[in-house]
Amino acid sequence: MNPQYYMDLEDEFGAHIYNPLDVVLHRGEGVWVWDVEGNKYLDCLSAYSAVNQGHCHPEIVRTMIEQAQTLTLISRAFRNDQLGLFCQEICKLTNSHKVLIMNSGAEAVETVIKAVRKWGYKVKGVPQDQAEIIVCENNFHGRTITIIGFSTNANFRDGFGPFAPGFRIIPYGNANAFEEAITPNTVAFLVEPIQGEGGVIVPPAGYLKEVKAICEKNNVLLILDEIQTGLGRTGKLLAEEHDGIEADLTLIGKALSGGFYPVSAVLSSTEVLGVLRPGEHGSTFGGNPLACAVARKAISVLIDENMIENSAVMGEYFRSGLSDIKNPYIKEVRGRGLLIGVELVPEAKGARRFCQKLLTQGLLCKETHENTIRFAPPLVITKEEIDWALERIEPVLR
Ligand SMILES: *Cc1c(COP(=O)(O)O)cnc(C)c1O
């Protein structure tokens, strides 16, 4: 079928909340996807890092089918035989004390906001309704009303107020600014180890370590949003490992299911999640047996197939290949593991036109912010496939 047919349908009947590149995809396998006409592309976005394990990983497919034929959803009104196993496995793997399973990333963020506020009132002793959470400029934590209320992106916020109070915004990557913003009512600091949607912004070395020390000194909880940076994307299971720290609370999502199903989680290295009592939080789909079975398999293939190590090694190789491209349009190549940003100078007139050109060469990429192209392929990518990509990226940037 003609791709225009599908694009017209989507434009006529679907709400226009995205501005997608004009390619209509039909099938995927590993790092590759095919459009409705059978053209093949290397996926360098991985659904914003939700498909770290590669498209349609056969073992996750098998688990999903088996569990779908066994039991999918019963709600948390009853117990199921997958939830406890999943919680135990993810806690052991991340050295966590407790975990709370939700569905989307934004729900994990909403959940952690509730948990740290409650902790503030019950444990820290903050006066009722006075809890403050510190967040960063240029953040991305999702799209709900609470979350966009503390976004600094006008496009995300304008026309959607009024917003929830209780958030204080500071510059990213500046530990002094964080320390100065703390008040007796501060309960937590919510921050991304690398700002993915913000343009693959890597903070100065040691930033998280400093932040963690300031948190401890002031009895403030550190919440790392690892929904994009977690699960091998930066070459470690969690990006916090680069700084040798452990956050009090860590949010994961996206690749937690290998892209099969929305599964997110709040991981807690302390007792904080214990402040939530029955009836105070919930989700019909959260922690259902299908989600748990799929996520258990998605995590085990990530580890058993050495995808995290591959992300570190191939990330280095890809980044150095991109850095070798001599071109006055390239301002900076940065990132960690297979989360890579190529920032172009303003004279390049935006990253999107390059993404459009790369599409015609068989590479799917997306601009993040005006001038940065993000390269974040599935973590199963090989050296040969990166060479294939570099051969196409170089002439397009030239
Ligand atoms: C994608 C993302 C979210 C939101 O996840 P959704 O599943 O889209 O709600 C939150 N934080 C970060 C860092 C993200 O990259």
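Going by the structure above, here's the rest.
These notes cover the structure that comes with them. Numbering of residues begins from 1 in every chain and follows the order in which that chain's sequence is written. Selection of residues for local features in this predicted model requires a pLDDT of at least 70, selection of side-chain atom pairs for listing and counting requires 80 or more, and totals for whole chains, interfaces and linings are taken over all residues. Excluded from the side-chain calculations are hydrogens and water; all other atoms, namely the structure's heavy atoms, are used.

## Some points on the nonpolar core
Among the buried residues, those of types Ala, Val, Leu, Ile, Met, Phe, Trp, Tyr and Cys that are joined through side-chain atoms within 4.5 Å form a nonpolar core. A simple rule labels every residue: compare its accessible area, found with a 1.4 Å probe on the protein chains alone, to the largest value its type can have, and call it buried under 20%, exposed over 50%, or partly exposed in between. Residues L256, F318, L322, L344, I373, F375 and I393 are the most contacted members of the largest nonpolar core, which totals 67 residues. Setting aside anything within four residues of it in sequence, one finds F375 in contact with C44, F318, L322, L338, L339, I340, V342, L358, L363, C365 and I393. Counting 30 residues, the second-largest nonpolar core is a separate cluster that includes A108, V109, I113 and V116. Two residues form a contact once any of their heavy atoms are found within 4.5 Å.

## Section: the sheet that holds strand β14 (residues 366–368)
Strand order in the open sheet formed by four strands is β11-β12-β15-β14, with antiparallel pairing between adjacent strands. With partners counted over all chains shown, the strands left at the sheet margins are β11 (330–336) and β14, one partner each. Geometrically, the sheet is characterised by an average inter-axis angle of 30 degrees between neighbouring strands, direction not taken into account. Pairing between two strands is assigned when DSSP locates at least 2 bridges connecting them. Put simply, DSSP marks the helices as runs of H or I at least four residues long and the strands as runs of E at least two long, and each gets a number from the N terminus on. Direction of pairing for β14 relative to strand β15 (residues 372–375): antiparallel, over a ladder of three bridges. Residue pairing across strands places K366 opposite R374, the latter belonging to β15. Axis definition: a line fit to C-alpha positions, over the contact stretch in the case of helices; interaxial angles, taken between N-to-C directions, run 0 to 180 degrees.

## Here we look at the packing of helix α12 (residues 352–360) against helix α13 (residues 383–397)
Relative to each other, α12 and α13 sit at 135 degrees, their axes nearing to 10 Å. In this view, α12 runs oblique relative to α13, as classed from their interaxial angle. With respect to the hand of their crossing, α12 and α13 are arranged in right-handed fashion. On α13, the residues that touch F354, K357 and L358 of α12 are R392, I393, V396 and L397. Along the lines of polarity and charge, the residues of the contact of α12 with α13 split into five nonpolar, no polar and two charged. An angle counts as roughly parallel when it lies under 35 degrees, as roughly antiparallel when it exceeds 145, as roughly perpendicular when it falls between 65 and 115, and as oblique in every other case. Crossings are classed by handedness, with left-handed meaning an anticlockwise turn of the near helix from the far one by less than a right angle and right-handed meaning a clockwise turn. Note on residue categories: nonpolar means Ala, Val, Leu, Ile, Met, Phe, Trp, Tyr, Cys or Pro, charged means Asp, Glu, Lys or Arg, and polar means any other residue, Gly included.

## A closer look at a negative patch on the surface
Exposure above 30% relative accessible area and the lack of any salt bridge qualify a residue for a patch; like charges then connect within 9 Å, and the nonpolar side chains Val, Leu, Ile, Met, Phe, Trp and Tyr within 5 Å. Residue burial considers only the protein chains on display, and all accessible areas are found by Shrake-Rupley using a 1.4 Å probe. Salt bridge, as applied in this entry: a Lys or Arg side-chain nitrogen positioned within 4 Å of an Asp or Glu carboxyl oxygen. All tallies of charge rest on Lys and Arg as positive and Asp and Glu as negative; His and the ends of each chain are not included. Charged side chains are reduced to one point each, which is NZ for Lys, CZ for Arg, CG for Asp and CD for Glu. Together, D8, E10, D11, E12 and D22 make up a region of like negative charge exposed at the surface. Turning to its location among the elements, D22 is positioned in the loop between α1 (3–13) and β1 (25–29).

By themselves, these figures tell us nothing about what the structure is for.
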